[in-house]
Amino acid sequence: MKVKNNYKVWFYFIALVLIWGSSFILIKNGLNGYTVWQAATIRLVSAFLVMFFFAIRHIRKIPSEKVPVILLVSLLSMVFPSYLFSIAQSQISSALAGILNALVPMFTSILGLLFFRKSINKLQWLGLAIGFISASFLILINTGSTFSLNEYALLIIIATICYGLNFNIVKTYLSDVNSLHVTTIAVSFSGIFGFLFLFFSGYESYIKISEQQVFPLLSLITLGVLGTALAQFMQNQLIQKSTAVFASSLTYLIPVVAVLWGVLDGEKLVFWHYLGMLGILIGVLILNKFGKSKNNLAYDKKTKVLHV
């Protein structure tokens, strides 16, 4: 299938690679001025302020029995990952976080197999094996090239599991609901959780902004508005105007952008980390190339909400 509307497609594609590839360095910048809990909260609230008025119009168009599912989607795709990534990146580099995020398609396939009656062929099993062996290099080898369990990297693994579960839920239970409606309502639900955390944790600390917090705050607002709210809409447009295979190639470029930002920011990666990144990308490539189209969950045309 040929890619339609080439100019728009390439605009969305390049914009999404840059936005999502830059999200990890934005989290890192935000953590320079705020705690892990505050950073994630500001991100969610910023996205909420963009999407809330659209959600008010759209929620009336959602079948009542679908609302709890969208609430679950909001938790899995935005709320839990936002806090998990913030906590993890307080101790690991943004480049490493971006590399580990590439495991999402693998967990999507595994969870689809275990809980959603999807099938995986032999070559896909090979891709999974390569991916997880490669991920072990990132989890078990530190910047000194010695073995050391990085429990903070495991938090990102949990976040990618949330994303994978979210993809399967959306594919299975929300394929008949307008994608824009799902996106605006899910983002708004996540923002409501952010507001609740903001008020119960003491909103005064968010109001008083020191000079040192200006750049971190702008980074988190940018992450919320672009990486969480606007990117959801652009991702949906990309899938509708192109092919699932073309859209899935985002998976390969997002970690590259994350690593480039990390290197520019002086982060250190060793040979084993680069080898792990290459292995994960090869594993994802095998999954996408040899997966049956009906099981291509991570970037299926009916997938409504993707990771932020």
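These numbers were taken from a predicted model, which means no experiment stands behind them.

A word on the overall build of the protein chain. Per the secondary structure count, the protein chain includes 13 helices and zero strands. When the helices and strands of the protein chain are read in sequence order from the N terminus, they spell out α-α-α-α-α-α-α-α-α-α-α-α-α. Burial status across the protein chain gives 58% buried among its 308 residues. For the protein chain, long-range pairs separated by at least 24 residues make up 89% of all intrachain contacts whose partners lie at least 6 apart in sequence. By element, 69% of the accessible surface of the protein chain is carried by carbon and sulfur atoms, the whole surface being about 13,800 Å².

Once that is clear, we can look at the confidence of the model for the protein chain. Residue-level pLDDT values for the protein chain average 82, and 85% of them are 70 or greater. Ranking the elements of the protein chain by mean pLDDT puts helix H11 (residues 244-248) last with 56 and helix H3 (residues 67-89) first with 94. The low-confidence segment residues 293-308, where pLDDT is below 50, has 75 contacts with residues more than four positions distant or belonging to other chains.

A cluster of nonpolar side chains, Leu71, Ile192, Phe193, Leu196 and Phe200, forms an exposed patch at the surface whose accessible area comes to about 480 Å². When residues of the nonpolar patch are assigned to their parent elements, the largest contribution, four residues, is made by helix H8 (residues 179-200). Looking at the element boundaries, Leu71 is found in helix H3. The partly exposed category is assigned to Leu71, whose relative accessible area is 31%.

Core analysis: the largest hydrophobic core is formed by 62 residues, its most contacted members being Phe85, Leu100, Leu103, Leu250 and Ile280. When near neighbours in sequence (up to four residues on either side) are disregarded, Phe85 contacts Phe24, Ile27, Ala97, Asn101, Ile156, Ala159 and Tyr163. One finds Ala40, Ile70, Val170 and Val177 within the second-largest nonpolar core, a separate group that totals 26 residues.

Further remarks concern the pattern of salt bridges. Evaluation of the coordinates by the stated rule reveals three salt bridges. The shortest N-O distance in the salt bridge between Lys28 and Glu267 comes to 2.8 Å. With Lys28 in helix H1 (residues 6-30) and Glu267 in the loop between helix H12 (250-264) and helix H13 (271-290), this residue pair connects regions lying 239 residues apart in the sequence. Relative accessible area serves as the criterion here: at 22%, Lys28 is assigned to the partly exposed category.

Rules used throughout
Residues numbered from 1 in each chain as written. Predicted model: local features only at pLDDT ≥ 70, side-chain atom pairs only at ≥ 80, totals over all residues. Heavy atoms only, no water. Helix = DSSP H or I, 4+ residues; strand = E, 2+ residues; numbered from the N terminus. Buried < 20%, exposed > 50% of the residue type's maximum accessible area, 1.4 Å probe, protein only. Contact = heavy atoms within 4.5 Å. Areas by Shrake-Rupley, 256 points an atom, 1.4 Å probe, with all protein chains shown as cover. pLDDT = per-residue confidence, 0-100. Patch = residues over 30% accessible without salt bridge, like charges linked within 9 Å, V, L, I, M, F, W, Y side chains within 5 Å. Salt bridge = Lys/Arg side-chain N within 4 Å of Asp/Glu carboxyl O. Core = buried A, V, L, I, M, F, W, Y, C linked by side-chain atoms within 4.5 Å.

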